[in-house]
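# Structure assessment
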Amino acid sequence: QVQLVESGGGLVQPGGSLRLSCAASGRIFSIHAMGWYRQAPGKQRELVAAITSGGSTNYADAVKGRFTISRDNAKNTVYLQMNSLKPEDTAVYYCNAGLSAAAMTSPIGYWGQGTQVTVSS
């Protein structure tokens, strides 16, 4: 059984910072790309940032220059450092990862349970 467990969400004032973490556990042989998505009320889930196993990154235009994604492969963990937060960043943030349970098997996508980020004064 594979689990992705997120932490680090909360309430922050505009201009503030938060750091989200997502740790993968269970039967894991390898982790491929990892990413963060978010879903605001009444909107579709959207990609925020992604990182490959080799460390290449990709960001949504709305967060470029403010958010940084990173990963610690030894800990099976991905992070999202969010700076200069804006009210429009308010959403539930979800972790996603492509995981293989054994060698020579295709990765399967897993989702975390989501963590609320609220940016408000």
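Structure shown above.
Residues numbered from 1 in each chain as written. Predicted model: local features only at pLDDT ≥ 70, side-chain atom pairs only at ≥ 80, totals over all residues. Heavy atoms only, no water.

### Considerations on the overall build of the protein
Scanning the protein from terminus to terminus reveals zero helices and eleven strands. For the protein, the succession of helices and strands along the chain, N to C, is β-β-β-β-β-β-β-β-β-β-β. Computed over the C-alpha atoms, the radius of gyration of the protein is 14 Å, within 12% of the 14 Å expected from 2.2 N^0.38 for a compact globule of 121 residues. In terms of its C-alpha atoms, the protein occupies a principal-axis envelope of roughly 50 × 25 × 25 Å. (Helix = DSSP H or I, 4+ residues; strand = E, 2+ residues; numbered from the N terminus. Rg over C-alpha atoms; globule rule 2.2 N^0.38 Å.)

### Some thoughts on the nonpolar core
Core analysis: the largest hydrophobic core is formed by 29 residues, its most contacted members being Trp 36, Leu 80, Met 82 and Tyr 93. Looking at which element gives the most residues to this core, the answer is strand 9 (residues 91–100), with five residues. Apart from the residues within four sequence positions on either side, Tyr 93 is in contact with Glu 6, Leu 20, Trp 36, Tyr 37, Arg 38, Val 48, Phe 67, Leu 80, Met 82, Gly 114, Thr 115 and Val 117. (Core = buried A, V, L, I, M, F, W, Y, C linked by side-chain atoms within 4.5 Å. Buried < 20%, exposed > 50% of the residue type's maximum accessible area, 1.4 Å probe, protein only. Contact = heavy atoms within 4.5 Å.)

### Quick word on the side chain of Ser 100
Here Ser 100 lies in strand 9. Here Thr 105 takes part through its backbone oxygen, which lies 3.2 Å from a polar atom of the side chain of Ser 100. (Polar contact = N/O pair within 3.5 Å; in protein donor to acceptor, adjacent residues only side chain to side chain.)

### Considering the state of the cysteines
Per the counting criterion, the structure on display carries one disulfide. There is a disulfide in this structure between Cys 22 and Cys 95, and the S-S distance comes to 2.1 Å. Given an S-S torsion of about -80°, the disulfide between Cys 22 and Cys 95 has left-handed geometry. In this pair, Cys 22 sits in strand 3 (residues 18–25) while Cys 95 sits in strand 9, placing the two residues 73 residues apart along the sequence. (Disulfide = S-S within 2.5 Å.)

### What about the pairing of strand 8 (residues 77–82)?
By the criterion of burial, strand 8 is predominantly enclosed, with five of the six residues buried. Sheet topology places strand 7 (residues 67–72) next to strand 8; six bridges connect them, and they run antiparallel. When the sheet's bridge partners are listed, Thr 68 is paired in strand 8 with Gln 81. Hairpin connection of strand 7 to strand 8: four residues between the antiparallel strands, including Asn 76 at a positive phi of 50°. (Pairing = 2+ DSSP bridges.)

### Describing the sheet that holds strand 8
Spatially, four strands are ordered 1-3-8-7 in an open sheet, and the strand pairing comes out antiparallel. Looking at which strands have only one partner, the edges of the open sheet turn out to be strand 1 (3–7) and strand 7. Each strand axis lies, on average, 15° off the axis of its neighbour in the sheet, ignoring direction. (Axes fitted to C-alpha atoms, helices over the stretch in contact; angles between N-to-C directions.)

### A short note on the side chain of Arg 66
Inspection of the secondary structure puts Arg 66 in the loop between strand 6 (57–59) and strand 7. With a relative accessible area of 10%, Arg 66 lands in the buried category.

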